[in-house]
Amino acid sequence: MARKPIKRRKLNTVIKIICEGRTEYLYFEEIRQSLKGSEIKIDPKISDNSSCIGVVKFAEKNYSDLSDDIKVFCIFDKDKNTKKNYEKAIKIAKKNKFEIVLSNPCFEVWFFAHYCEVFKLISTSKLQDEMKKKLGENFKTSRHNYEKLKINTQKAINNAKFFAKRNENDNLDKFSEGGNPSSDIYKVIEYIQEKSKKQL
């Protein structure tokens, strides 16, 4: 007797996340693991070039001409990127319908937003020192940051939205020093929540 074919769950959305570094990759990889069995597929990758242009060109090389049900996020920090290169990266992203996700000054501002509101300029070194206190000395290579942070995900989203609204109200360029602190990571998280119908 022939076996009945196994019905496989149809994926509604594939989310490609191109990261400039390992800390971001591990965070989204942990989220990917937590959503196994859901109707979305999260696929984080580390770009072979960590500059903003390198990240979007990596995405362009691997994910251009994708179908509408595949979303591509290009994640990078302000850090040492120049405004000129940032503007070039935006042009490449728009051409390919990728979404730019910027953190100013760095990705750790998203982690910090889980703990407290940041109302003034903060340096990458200060953020990393704070995260070492809260997440451990080896937080940059930890596979458990999301597990430790997830209880405060909504708080981080609210704080990140506050940063974005402040920038908009004050007409601040989020890439400028005036746009520090800020992070667009909340857009990725909310997109994942919307498509997976799960709270992170």
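Note that the structure is a prediction, hence the values are computed from the model and not measured.

Caption draft 1: Highlighting the pattern of salt bridges. Here the structure, examined in full by the defined rule, presents 14 salt bridges. Close ionic contact of Lys16 with Asp43 constitutes a salt bridge, the shortest N to O distance being 2.9 Å. Here Asp43 lies in strand E2 (residues 40-46) and Lys16 lies in strand E1 (residues 13-19), a separation of 27 residues in the sequence. There is no split in this pair, since Lys16 and Asp43 are both buried. Note that Asp43 and Lys45 form a salt bridge whose closest N and O atoms lie 3.7 Å from each other. The exposure class of Asp43 is buried, given its relative accessible area of 12%. Relative accessible area serves as the criterion here: at 33%, Lys45 is assigned to the partly exposed category. A cluster of three or more residues bridged by salt bridges with shared partners is formed by Lys16, Asp43 and Lys45.

Caption draft 2: Region of the structure containing the pairing of E2. Pairing of E1 with E2, which is carried by 7 bridges, proceeds in the parallel orientation. When the sheet's bridge partners are listed, Ile17 is paired in E2 with Pro44. One crossover worth recording links E1 to the parallel E2 by way of helix H1 (residues 22-34), and it is right-handed.

Calculation rules
- Residue indices begin from 1 for each chain and proceed along its sequence in written order.
- Local features in this predicted model are restricted to residues whose pLDDT is 70 or higher, and side-chain atom pairs enter the listing and the counts only when it is 80 or higher, whereas totals over whole chains, interfaces and linings include all residues.
- By convention in this description, side-chain values take in all heavy atoms of the structure and omit both hydrogens and water.
- Salt bridge, as used here, is a side-chain nitrogen of Lys or Arg placed within 4 Å of a carboxyl oxygen of Asp or Glu.
- We count a stretch as a helix when DSSP gives it H or I for four or more residues in a row; a strand needs E for two or more, and each element gets its number in order from the N terminus.
- For each residue, the accessible area found with a 1.4 Å probe, counting protein chains only, is set against the maximum for its type, and the residue is called buried under 20%, exposed over 50%, and partly exposed in between.
- Paired strands, in this sense, are two strands between which DSSP finds at least two bridges.
- Throughout, right-handed denotes a crossover for which the path from the first strand over the helix to the second runs clockwise when the strands point away from the viewer.

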